[in-house]
Amino acid sequence: MAVTVKPQTAPLDVARIRADFPVLSQTVRGKPVVYLDNAATSQKPRQVIDAMRRVFEEHNANIHRGVYEFSERTTAAFEEARAKVARLLNAPSEREVIFVRNATEGVNLVAYSWGRENIKPGDRIVTTVLEHHSDFVPWQQLAKDVGAQVVVVDIDDEGRLRRDQLSAELRKGAKLLAITHTSNGLGTVNPVKEIAAEAHAVGATVVVDAAQAVPHTPVDVQALGADFLVFSGHKMLAPPGSGAVWGRTALLEEMRPFLYGGDMISRVTVSMTEWNELPWKFEAGTSSYVDAIGLGAAVDYLTDVSLERIHEHELSLVGYLLPRLGEIPGVTIYGPKTLESRVGVVSFNIEGIHPHDVATIFDREAVCVRAGHHCNQPLMTRLGVPATTRASFYLYNTIEECDALVRVVHAAKKVFGV
Amino acid sequence: MYRDYILDHYKNPRNFGELEGATHTYHDSNPLCGDEMTMQLKIGDGHVDDVHFTGKGCAISQASASILTEEVKGKTLDEVKAIDRDHVLANLGIPISPARVKCALLGLKALKGAAWGLTAWPGEEVKAK
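Residues numbered from 1 in each chain as written. Chains lettered and ligands numbered in written order. Predicted model: local features only at pLDDT ≥ 70, side-chain atom pairs only at ≥ 80, totals over all residues.

K.L.:
Teacher, can you tell me more about the overall build of chain B here?
P.N.:
On a plain count of helices and strands, chain B comes out with five helices and three strands. Scanning chain B from its N terminus toward the C terminus, one meets helices and strands in the order α-β-β-β-α-α-α-α. Relative to a compact globule of 129 residues, whose C-alpha radius of gyration would be 14 Å, chain B shows 14 Å and is just as compact. Along the first, second and third principal axes, the C-alpha set of chain B runs to 40 × 40 × 25 Å. A buried classification covers 38% of the 129 residues belonging to chain B. When contacts within chain B are restricted to residue pairs at least 6 apart in sequence, long-range pairs at least 24 apart make up 63% of them. (Helix = DSSP H or I, 4+ residues; strand = E, 2+ residues; numbered from the N terminus. Rg over C-alpha atoms; globule rule 2.2 N^0.38 Å. Buried ≥ 20, exposed ≤ 12 C-beta atoms within 10 Å, placed from the backbone. Contact = placed C-beta atoms within 7 Å.)

K.L.:
When you look at the interface of chain A and chain B in this model, what are you seeing that I'm missing?
P.N.:
A common way to report how large an interface is uses the accessible area buried once the components associate. Taken together, the twelve residues of chain A in the interface contact twelve residues of chain B. At the level of secondary structure, the elements contributing two or more residues to the side of chain A that touches chain B comprise helix H5 (137–146), helix H12 (355–364) and helix H14 (399–416) of chain A. For the side of chain A that touches chain B, the element with the highest residue contribution is H12 of chain A, accounting for three residues.

K.L.:
Sorry, what's going on with the domain arrangement of chain A here?
P.N.:
Residue and element names in this part refer to chain A. For chain A, the assigned domains read domain 1 (14–32 + 306–416) and domain 2 (49–304). Computed over C-alpha atoms only, the centres of domain 1 and domain 2 are separated by 28 Å. On the domain 2 side, the residues contacting the 22 residues of domain 1 number 24 residues. Of all the secondary structure elements, the ones that give two or more residues to the side of domain 1 that touches domain 2 are helix H11 (307–326), strand S14 (345–350) and helix H13 (377–383). Of the residues forming the side of domain 1 that touches domain 2, the biggest block, five residues, is contributed by H11. Residue classes in the side of domain 1 that touches domain 2 are distributed as ten nonpolar, seven polar and five charged. (Domains from an automatic or database assignment. Nonpolar A, V, L, I, M, F, W, Y, C, P; charged D, E, K, R; others polar.)

K.L.:
Help me understand the sheet that holds strand S3 (residues 47–56) of chain B in this model?
P.N.:
Strand pairing in a sheet takes place through backbone hydrogen bonds and is either antiparallel or parallel in direction. Residue and element names in this part refer to chain B. Spatial ordering of the open sheet is given by S1-S2-S3, a layout of three strands whose pairing is antiparallel. Strands at the two margins of the open sheet, each flanked by one partner only, are strand S1 (24–30) and S3. Geometrically, the sheet is characterised by an average inter-axis angle of 15 degrees between neighbouring strands, direction not taken into account. Here nine bridges tie strand S2 (residues 35–44) to S3, and the two strands are oriented antiparallel to one another. When the sheet's bridge partners are listed, Met-37 is paired in S3 with Gly-55. (Pairing = 2+ DSSP bridges. Axes fitted to C-alpha atoms, helices over the stretch in contact; angles between N-to-C directions.)

K.L.:
Help me out: how do you make sense of H14 of chain A in this one?
P.N.:
An α-helical turn contains 3.6 residues, so a residue and the one three or four places further along point in the same direction. All names here are of chain A. Along its 18 residues, H14 runs 26 Å from first to last C-alpha, staying within 8% of the 26 Å computed at 1.5 Å per residue. Glu-401, Cys-402, Leu-405, Val-408, Val-409, Ala-412, Lys-413 and Phe-416 are the residues of H14 that are buried. For H14, the arc enclosing every buried residue in end-on projection is 145 degrees, short of the 170-degree limit, so these residues lie on one face. Exposed and facing more than 90 degrees away from the buried side of H14 are Ile-399, Glu-400, His-410 and Lys-414. Of the residues one or two after H14, Gly-417 is the one with positive phi, at around 60 degrees. (Expected span 1.5 Å × (residues − 1). Arc of directions from axis to C-beta.)

K.L.:
Please explain the sheet that holds strand S13 (residues 331–334) of chain A as it appears in this structure.
P.N.:
Residue and element names in this part refer to chain A. Spatial ordering of the open sheet is given by S13-S14-S17-S16, a layout of four strands whose pairing is antiparallel. Each of the sheet's edge strands pairs with one partner strand only, and the pair in question is S13 and strand S16 (370–372). On average, adjacent strands in this sheet sit at an angle of 30 degrees to one another, irrespective of strand direction. Across four bridges, the pairing between S13 and S14 is antiparallel. For Tyr-334, the partnering residue across the bridge sits in S14 and is Ser-347.

K.L.:
Sorry if this is basic, but what is going on with the nonpolar core here?
P.N.:
A general trend in soluble globular proteins is that nonpolar side chains are found buried together. All names here are of chain A. Judged by nonpolar contacts, the single largest core of 156 residues is most densely connected at Val-208, Ile-293 and Ala-298. Considering every element that reaches this core, the biggest residue donor is helix H10 (residues 289–305), with ten residues. Inspection of this core shows a minimum of three residues originating in each of domain 1 (14–32 + 306–416) and domain 2 (49–304). Other than its neighbours up to four places away in sequence, Ala-298 contacts Val-48, Gly-233, Met-236, Leu-237 and Ala-238. (Core = buried A, V, L, I, M, F, W, Y, C linked by C-beta atoms within 7 Å.)

K.L.:
Can you help me understand the packing of helix H2 (residues 59–72) of chain B against helix H5 (residues 101–115) of chain B in this one?
P.N.:
Axis angle and axis distance: for two packed helices, these are the angle between their axes and the distance between the axes, and together they describe the pair. Residues and elements named next belong to chain B. At a minimum axis distance of 7 Å, the contact between H2 and H5 shows a crossing angle of 40 degrees. Looking at the two axes, H2 sits oblique to H5. Here H2 and H5 pass one another in a crossing that is right-handed. Where H2 abuts H5, its residues Ile-60, Ser-61, Ser-64, Ala-65, Leu-68 and Val-72 lie against Cys-103, Ala-104, Leu-106, Gly-107, Leu-108 and Leu-111. Taken together, the residues of the contact of H2 with H5 break down into nine nonpolar, three polar and no charged. (Parallel < 35°, antiparallel > 145°, perpendicular 65-115°, else oblique. Left-handed = near helix turned anticlockwise from the far one by under 90°.)

K.L.:
I would appreciate a short explanation of H5 of chain B in the present structure.
P.N.:
All names here are of chain B. A rise of 1.5 Å per residue sets the reference length of H5, with its 15 residues, at 21 Å; its end C-alpha atoms lie 21 Å apart and thus fit the reference within 8%. Maximum bend of H5: about 30 degrees, positioned at Gly-107. The buried fraction of H5 is high, at 13 of 15 residues. One or two residues past the end of H5 sits Gly-117, with phi positive at roughly 65 degrees. (Bend = angle between axes of the 7 residues up to and from the residue.)

Have a look at this one:
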């Protein structure tokens with residue numbers, strides 16, 4: 001399992017980056033925290049915390065309503081955050097960026113507003129066994145409600161999508177392809193651009209779950225050729241409660257709103273309602289505008305550091321960890337064994353120790369990892385395990401933290417005598 | 001937390017395996033961790049003549065169930081029904097963090113289900129869709 005990384009860009013100044021994250025200097029039971037659960041959520045830099053604090057301390061007021069200075073400043077900051085997200089994704093228009101609470105809400109928006117109008121009895125929804133529950137359960141339930149069919153494409157033994165099977169299923173016809181850009185359970189990156197083109201050739205609409213992609217790599221919605229793409233802010237240095245759906249204008253214009261209420265209307269009488277324009281038609285009620293502004297600050301931070309460099313940094317950590325972890329007797333690593341088309345997620349098990357026991361022992365050494373099914377139960381079933389232990393990296397992780405992980409694996413084996 | 005006796009019960013579970021002639025059986029699971037647990041009782045004359053469990057999962061869930069089976073043998077059915085969570089957690093003798101309480105109590109839940117002759121846990125009868 002020899003893996004090497006040839007950096008294309010200058011390495012990150014990780015010490016300097018870490019200084020921006022107050023939580024990373026915390027200790028747990030006297031030990032410095034080793035945070036390796038970034039696929040679950042990321043830590044927040046001072047710049048994001050400050051951007052949010054400034055709203056509360058300097059000009060907080062509801063957006064799109066007040067005809068006074070505070071409201072105008074908050075509205076401007078909120079809409080500027082939207083523009084930042086649009087630029088990050090290379091969206092053709094800011095009107096195509098809808099703020100939601102998280103990727104889950106984003107998929108539900110598409111499933112309810114687009115899906116219920118467009119998925120008919122007998123239609124085929126093609127998806128994959130790599131999907132997070134957030135990009136699986138909404139489609140499964142929609143299919144049950146309307147009498148459509150869900151087709152789940154398998155992976156190979158290294159956790160890569162079975163492209164042959166996917167192509168064959170698409171050729172049989174599909175109304176929708178729901179596909180994750182990057183697997184949260186295994187770190188596999190799917191060739192979405194290629195797959196989206198195949199899906200479009202058979203007339204399918206393409207929904208991309210980019211929750212594990214937007215935080216870690218450059219994502220260009222136009223280059224990918226997606227129709228809808230969703231992500232969460234909290235996995236990319238922004239607060240929970242922030243996230244977005246990007247969709248093509250033509251599709252969004254035809255769709256009914258997802259939620260009804262304030263702010264999503266242009267005119268209401270006792271007998272009818274006219275919808276607001278895009279994107280506000282989909283943003284009913286007071287938005288989590290401070291969270292969205294925090295997301296804008298996170299986009300600035302990630303852009304300043306450079307997502308290309310972040311991706312290379314994470315791959316260098318995976319390249320360091322994989323052989324060291326893989327050589328430990330009794331350790332099984334799930335997912336890609338090379339650095340090609342993958343991100344900084346390493347899922348593994350230690351023979352004879354349940355992942356929850358592994359994580360509890362790691363916790364004694366202040367090493368934070370996720371143990372469980374990762375909202376990937378169909379994938380766990382496919383792998384034939386109830387759960388895995390997962391370490392996931394971000395821009396602030398270090399080689400020393402990989403060493404700490406290897407040390408606690410040995411410690412866990414010692415405790416259990418395996 | 002992983003004291004020797006906990007690891008011993010995990011690796012060498014007591015009263016483990018299918019119970020022939022069981023009068024009461026209840027299966028439960030914790031989908032969050034994939035833990036599975038079946039408790040079987042053989043009740044004669046209101047007493048637990050025998051008890052077995054089968055399951056797979058983490059050390060805490062399996063050790064807790066194993067310790068529990070040792071305790072209930074010979075007890076009356078009413079005494080089994082009266083065992084509460086605090087008793088089980090105290091009996092385990094190790095600190096259990098909030099995230100692991102469900103593991104520690106899975107054996108008790110299955111035991112109660114068996115003792116009360118349940119087919120589904122109250123409040124959990126909701127069918128999947």
